[in-house]
Amino acid sequence: MLENRILVVDDEIEICELIRDYLRREGFEVILAHDGKQALEYYRQHSPLLMILDVMLPKLDGMEVCRIVRAESSIPIIMLSAKKSDIDKILGLGLGADDYISKPFSTRELVARVKANIRRYTMLSSNKDSNDHLLRYGSLKIDKKGYNVYIDGENVDLAAKEFEVLLLLALHPHQVFTREKIFERIWGYNEFGDISTITVHIRKIREKIEKNPSSPKYIRTVWGVGYKFTGGE
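Figured I'd write up the structure that's included with this text.

About the criteria used
- Each residue is numbered by its place in its chain's sequence as written, counting from 1.
- Per-residue local features are limited, in this predicted model, to residues with pLDDT of at least 70; the limit for side-chain atom pairs, both in listing and counting, is 80 or more; totals at the level of whole chains, interfaces and linings are taken over all residues.
- Excluding hydrogens and water, the side-chain figures rest on all heavy atoms present in the structure.
- Secondary structure elements are taken from DSSP: a helix is a run of H or I of four residues or more, a strand is a run of E of two residues or more, and numbering for both begins at the N terminus.
- Under the scheme applied here, a residue whose accessible area is under 20% of the maximum for its type counts as buried, over 50% as exposed, and between as partly exposed, the area being computed with a 1.4 Å probe on protein chains only.
- Whether two residues are in contact is decided by their heavy atoms, any of which lying within 4.5 Å being enough.
- We call two strands paired when DSSP finds no fewer than two bridges between them.
- Note on definitions: angles span 0 to 180 degrees between N-to-C directions of axes, and those axes are lines fitted to C-alpha atoms, for helices only across the stretch in contact.
- Think of a nonpolar core as a cluster: buried Ala, Val, Leu, Ile, Met, Phe, Trp, Tyr and Cys residues, connected wherever their side-chain atoms sit within 4.5 Å.
- His is not counted, nor are the chain ends; Lys and Arg add positive charge and Asp and Glu add negative charge.
- Only one rule defines a salt bridge in this text: a Lys or Arg side-chain nitrogen within 4 Å of an Asp or Glu carboxyl oxygen.
- Ring geometry is summarised as follows: Phe, Tyr and Trp rings, the Trp one being its six-membered ring, pair when their centres sit within 6.5 Å, and such pairs are stacked at plane angles under 30 degrees, edge-to-face over 60 and tilted between the two.

### Topic: the overall build of the protein chain
Looking only at helices and strands, one finds eight helices and 11 strands in the protein chain. Classification of the 233 residues of the protein chain by burial places 49% in the buried group. Put simply, of all contacts in the protein chain between residues at least 6 apart along the chain, 56% involve residues at least 24 apart.

### Remarks on the sheet that holds strand 1 (residues 5-9)
Pairing within the open sheet is parallel, and its five strands lie in the order 2-1-3-4-5. Of all the strands in the sheet, the pair left with one neighbour each is strand 2 (29-33) and strand 5 (99-102). Between one strand axis and the next, the sheet turns by 20° as a mean value, whatever way the strands run. Summarising the sheet, strand 1 and strand 3 (residues 50-54) pair through four bridges and their orientation is parallel. From the neighbouring strand, Leu 7 faces strand 3, where its bridge partner is Met 51. Helix 1 (residues 13-25) contacts strand 1, strand 2, strand 3 and strand 4 (77-81) of the sheet and is inclined by roughly 170° relative to strand 2.

### Overview of the nonpolar core
The biggest cluster of nonpolar side chains holds 41 residues, and the ones touching the most others in it are Leu 23, Ile 52 and Val 114. Ranked by residues supplied to this core, first place goes to helix 5 (residues 107-126) with five residues. When near neighbours in sequence (up to four residues on either side) are disregarded, Val 114 contacts Ile 6, Leu 23, Phe 28, Leu 50, Ile 52 and Ile 78. Core analysis: the second largest hydrophobic core is formed by 28 residues, Leu 158, Ile 182, Ile 205 and Phe 229 among them.

### Digging into the side chain of Arg 206
Along the polypeptide, Arg 206 turns up in helix 8 (residues 196-209). Summary of buried charges: Arg 206 has no salt-bridge partner, and the nearest side chain of opposite charge, Glu 210, is 5.4 Å away. Other than its neighbours up to four places away in sequence, Arg 206 contacts Pro 213, Pro 216, Ile 219, Arg 220, Thr 221 and Tyr 227.

### Points about the packing of aromatic side chains
Inspection of the entire model under this criterion finds three aromatic pairs. For the ring pair Tyr 137 and Phe 229, a centre distance of 4.8 Å and an interplane angle of 70° mean the geometry is edge-to-face. Taken together, the residues span a long stretch of sequence, with Tyr 137 in strand 6 (residues 134-137) and Phe 229 in strand 11 (residues 226-229) at a distance of 92 residues. When its relative accessible area of 18% is taken as the criterion, Tyr 137 is described as buried.

### Points about the sheet that holds strand 8 (residues 148-151)
Strand order in this open sheet of four strands is 6-7-8-9, and the pairing throughout is antiparallel. The sheet terminates laterally at strand 6 and strand 9 (154-156), the two strands that pair on one side only. Here the average twist between neighbouring strands, direction ignored, is 25°. Judged from the three bridges that link them, strand 8 and strand 9 form a sheet pairing that is antiparallel.

Structure, rendered in structure tokens:
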């Protein structure tokens, strides 16, 4: 895996070349693919640091590509789509994508999101060798090194962003985070995004770690402010 290699996947050649040109100006090496099967081939051949992936692709759609790549790697995946319904699916299905951008998008926004996702991924990767990698709160265990979560010893399948939101809150028990602050800390920017995605992620986390999601023990809502982690107290 090269530190500056990005795989861009879109069947619209003009969009691929536009993204490539702007990312090259920022010092990135860029590889282009134009269908889902080619995307998987190039991903396995070139080991990119980050993937920009369109939803609508020939041969194999972007959502399936995302599922396959996420099962093999934790590299950041930024999804592209011109349809609002696709963004809803990305969030609702928990595909493991780290971010999404609606078409048409500004190149400034794209570059900001690429840099933010790489910065966060690099930081998390550099911390994986720490010996202090386990957090325990009652029946909940969070493995920072392995990106794993367990409830009563059973593994809980969290998407990458869900894990990072949970970890952020768990590392600061009883501290209240606004949705804006969570978005800024996890996504790495606060100028462009849809803050409502935080609500979706919190709901999905609760569904996976709480015995009664409607009456959560671990992540509590502070009405009118945000969320806090209570450790099951």
